[in-house]
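Breakdown of the fold
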Amino acid sequence: MAMKYNWDWSILLCRSPEADPTGAVEPGTPGSGATEFGGGMGQTFDTGAECAQPYFDWIVSGLSWTVIVACAAWVITFSLGSVIGVSRTVENKTVRAIATAYVEMFRNVPLLLQMFIWFFVVPELLPEDAGRWLKRELPLPEYWTAIVCLGMYHASRTAEQVRAGIESIPRGQTHAGLAMGLTRTQVYRHVLLPVSYRIIIPPLTSDFMGIFKNSSVALTIGVMELTAQSRQIAEYTFNIFEVFTAATVLYMMVTLIVVTIMRFVEAKVRIPGTIALGGD
Amino acid sequence: MFKKTVILIAAVFALAATDGYAAELYGTLKKIKDSGQIAMGHREASVPFAYMGPDGKPVGYTVELCYRVIDRIKKTLKMPNLKVKLVPVTSQTRIPLLANGTIDIECGSTTNNLTRSKQIDYLAVTFITGTKLGVKKGSGIKEIEDLDGKAVALSLGTTNEKAIKRIAKAKGLKIKYHMVKDHPQGWLALDTGRVDAYATDHSLLAGLITSSKDPSKYEIVGRFLSYDPYSIMIRRDDSAMRLLGNSVLADLMRSGEILKIYDKWFTKKIPGKPSVELPLSPTLKVAFEVQALPY
């Protein structure tokens, strides 16, 4: 059966709302009609115009929030993930245990659930004033929550990559460093970390891309990122296929840009002769 | 000889009848005839329109009306054993699933408006509601104007969202919006004090309050801020299906049977839930009378 659908790609380009041709009066004015609704007569909340809303601007706004949330979260991910990852390889048992607990906790709970806990449960656990501040006074609470939540979730994954990178370096190098009189910190600083970060660029790349894709989960707490705006437009126009096609293409473009940048970084920092950096 | 002639004539008539009938069939009815089944899309948590009953099957006001339409399809197509396939849908999936033929009819709480009619078609209006504000008692909020400087939760992409934003813009109200994904989350935002009001359909607010922990803590305030008529959705460009469906609804409205069905779902205890206590509004009563088209 052929699909019954009116394709209309032009809605994606809607900019400023067109003038309202329906002659609507102010909605909900009591007494403007015979019924308790102020009448279906004269009352509407949308215009009959093809471009009732600036859908193009909504997509742009959604895309920018996706990029902002993902990039801000990545800053948390990279810094916190590095600290936790290194902590998992140090001698001190307590530090290692804390780092392990962090990784297991954040890695094993679904992101959707974490988002929900950060947004709805954490403010209730805090002292009343702090909770109130988080809920009502902090501007854009859902955006901050999403950034922290995404950042901390992905930090657990980055930590594992950092640890794997450090552990992939033969122990002999650490021993050699120590034998040369370097302190443990100096061994990390000058021997282990510079090599391991280069090794883990490919998995870090996919994780960075993962943040962009996972940022769509933030729509569940009200972040108006790309997927949320697409849903919004789909509900307004019912041109659902066009909108989600556009969103798909945009996500692919963003992740392709990430891959390109990371490839460039990888090529720039590579140490000639290291096997882990590719065969050519 | 006479007997043979009678049989022959009867056969010719029978053939002509089936032929003519087969030629008439198109669109959804043809698809149902060919596939031997009808796919009914239903919402899962739109109390009391379409929700999962205690036995795991969809029940509700709209679902019951849909079954009436399906009964008529069985009779018209002479398919007493027509299989009904149940497909759960959400507000995001209902349009594509209807357009691509996964479902043939959508039974839930869908607002009938002209923009949406570019993609799908509706049967007669079966329920009328509008946007109101759900607030905590003692909040001091009586009308939308009182929300100036306050926070309100809106369900993403709903007609309620459009209504509130439009009025706020027209009146220059500074309202902080918190977008939520579904009704339980909107309610949670109100309950935890993240927002001062949850703006959604009056009928849904009634349902949310009755199923909350302490219904005496909340109230519904203000005038209707939008006009939201609900209808059953079908595929567009399908007059035969629409005529069949609207005939069923007009019959129910003409006979007054729809009032009994309404009472059953809106004023009494319903399967698995308490009563939503929403008596028939004068507007809806008039709508039933007006839509009871004669033959």
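Residues numbered from 1 in each chain as written. Chains lettered and ligands numbered in written order. Predicted model: local features only at pLDDT ≥ 70, side-chain atom pairs only at ≥ 80, totals over all residues. Heavy atoms only, no water.

1. Some remarks on the packing of aromatic side chains
- Counted under the stated rule, the structure contains 25 aromatic pairs over all chains.
- Ring centres of phenylalanine 127 of chain B and tyrosine 262 of chain B lie 6.3 Å apart, and the angle between their planes is 15 degrees; this geometry places the pair in the stacked category. Here phenylalanine 127 of chain B is found in strand 7 (residues 120-129), whereas its partner tyrosine 262 of chain B is found in helix 9 (residues 257-266), with 135 residues between them in sequence.
- We classify phenylalanine 127 of chain B as buried; its relative accessible area is 3%.
- Between phenylalanine 127 of chain B and phenylalanine 266 of chain B, the aromatic rings sit 5.1 Å apart at their centres with planes inclined by 10 degrees, giving stacked as the arrangement. Residue phenylalanine 127 of chain B is located in strand 7, and its partner phenylalanine 266 of chain B is located in helix 9; the two are separated by 139 residues in the primary sequence. For the pair shown, phenylalanine 127 of chain B and phenylalanine 266 of chain B are each scored as buried.
- By the ring-pair criterion, three or more aromatic residues cluster together here, those being Phe49, Tyr61, Phe127, Tyr230, Tyr262 and Phe266 of chain B.
- Directly above the ring of tyrosine 236 of chain A sits lysine 162 of chain B, whose terminal nitrogen or CZ lies 4.6 Å from the centroid.
- One Lys or Arg, arginine 194 of chain B, reaches over the ring of phenylalanine 119 of chain A and ends 3.5 Å from the middle of that ring. (Phe/Tyr/Trp six-rings, centres within 6.5 Å; stacked < 30°, edge-to-face > 60°. Helix = DSSP H or I, 4+ residues; strand = E, 2+ residues; numbered from the N terminus. Buried < 20%, exposed > 50% of the residue type's maximum accessible area, 1.4 Å probe, protein only. Lys NZ or Arg CZ within 6 Å of the ring centre and 35° of its normal.)

2. Some details on the sheet that holds strand 3 (residues 50-52) of chain B
Residue and element names in this part refer to chain B.
- Read from one edge to the other, the open sheet built from 3 strands follows the order 2-3-4, with strand pairing classed as antiparallel. This sheet does not close on itself; its edge strands, each paired only once, are strand 2 (45-46) and strand 4 (58-59).
- Bridge count for strand 2 against strand 3 is 2 bridges, and the pairing is antiparallel. Bridge pairing in strand 3 links alanine 45 to tyrosine 51. (Pairing = 2+ DSSP bridges.)

3. Structural notes on the environment of isoleucine 175 of chain B
All names here are of chain B.
- The topology assignment puts isoleucine 175 in the loop between helix 5 (159-171) and strand 10 (176-180).
- C-alpha of isoleucine 175 to C-alpha of leucine 147: the two residues are 28 residues apart in sequence and 6.3 Å apart in space.
- Among all residues touching isoleucine 175, those that are not within four sequence positions of it are Ile144, Leu147, Lys150, Val152 and Ala168. (Contact = heavy atoms within 4.5 Å.)

4. So, the confidence of the model for chain A
- Per-residue confidence for chain A gives a mean pLDDT of 87; residues scoring 70 or more make up 85%.
- The model gives residues 276-280 of chain A a pLDDT under 50, and that stretch makes 6 contacts with residues more than four places away or in other chains. (pLDDT = per-residue confidence, 0-100.)

5. Considerations on the interface of chain A and chain B
- Contacts between chain A and chain B engage 47 residues on the former and 52 residues on the latter.
- Where chain A packs against chain B, one counts 3 salt bridges.
- When the shortest N-O distance is used, the salt bridge between glutamate 235 of chain A and arginine 116 of chain B registers 3.9 Å.
- At the boundary of chain A and chain B, one finds 14 residue pairs in polar contact (both at pLDDT 80 or more). (Salt bridge = Lys/Arg side-chain N within 4 Å of Asp/Glu carboxyl O. Polar contact = N/O pair within 3.5 Å; in protein donor to acceptor, adjacent residues only side chain to side chain.)

6. Structural notes on helix 6 (residues 183-191) of chain B
Residue and element names in this part refer to chain B.
- Looking only at helix 6, the buried set comprises His183, Gln185, Gly186, Trp187, Ala189 and Leu190.
- Measuring from the backbone nitrogen of glutamine 185 back to the side-chain oxygen at the start of helix 6 gives 3.1 Å, which picks out aspartate 182 as the cap.
- Immediately beyond the C-terminal end of helix 6, within one or two residues, lies glycine 193, with a positive phi of roughly 80 degrees.

7. Focus: the nonpolar core
- Residues Met115 of chain A together with Leu133, Ile144 and Leu147 of chain B are the most contacted members of the largest nonpolar core, which totals 55 residues.
- The element that contributes the greatest number of residues to this core is helix 5 (residues 141-167) of chain A, accounting for 8 residues.
- If near-sequence neighbours (up to four positions away) are discounted, isoleucine 144 of chain B is found in contact with Leu133, Ile164, Ile167, Leu173, Ile175, Arg223 and Leu225 of chain B.
- Core analysis: the next-biggest nonpolar cluster, separate from the first, contains 52 residues, Leu25, Ile38, Val69 and Ile73 of chain B among them. (Core = buried A, V, L, I, M, F, W, Y, C linked by side-chain atoms within 4.5 Å.)

8. Details of the sheet that holds strand 1 (residues 37-42) of chain B
Residue and element names in this part refer to chain B.
- An order of 5-1-6-13-7 is seen for the 5 strands of this open sheet, with the pairing classed as mixed. At either margin of the open sheet sits one strand with a lone partner, and together these are strand 5 (83-88) and strand 7. Between one strand and the next, the sheet's axes are offset by a mean angle of 25 degrees, whatever the strand orientation. (Axes fitted to C-alpha atoms, helices over the stretch in contact; angles between N-to-C directions.)

9. Points about the domain arrangement of chain B
Residue and element names in this part refer to chain B.
- Each domain of chain B was delimited in the assignment, giving domain 1 (2-129 + 229-291) and domain 2 (131-221).
- Between the C-alpha centres of domain 1 and domain 2 the distance comes to 32 Å.
- In this assembly, 12 residues from domain 1 lie in contact with 8 residues from domain 2.
- With both sides pooled, the region where domain 1 packs onto domain 2 buries about 890 Å², and carbon together with sulfur makes up 56% of that total.
- Contact with domain 2 buries area across many residues of domain 1, yet Thr129, Val276 and Leu278 alone supply 40% of it, more than any other trio.
- Seen at the junction of domain 1 and domain 2, the total is 3 residue pairs in polar contact (both at pLDDT 80 or more).
- Across the side of domain 1 that touches domain 2, the residue classes break down as 7 nonpolar, 4 polar and 1 charged. (Domains from an automatic or database assignment. Buried area = accessible area lost by both parts, 1.4 Å probe. Nonpolar A, V, L, I, M, F, W, Y, C, P; charged D, E, K, R; others polar.)

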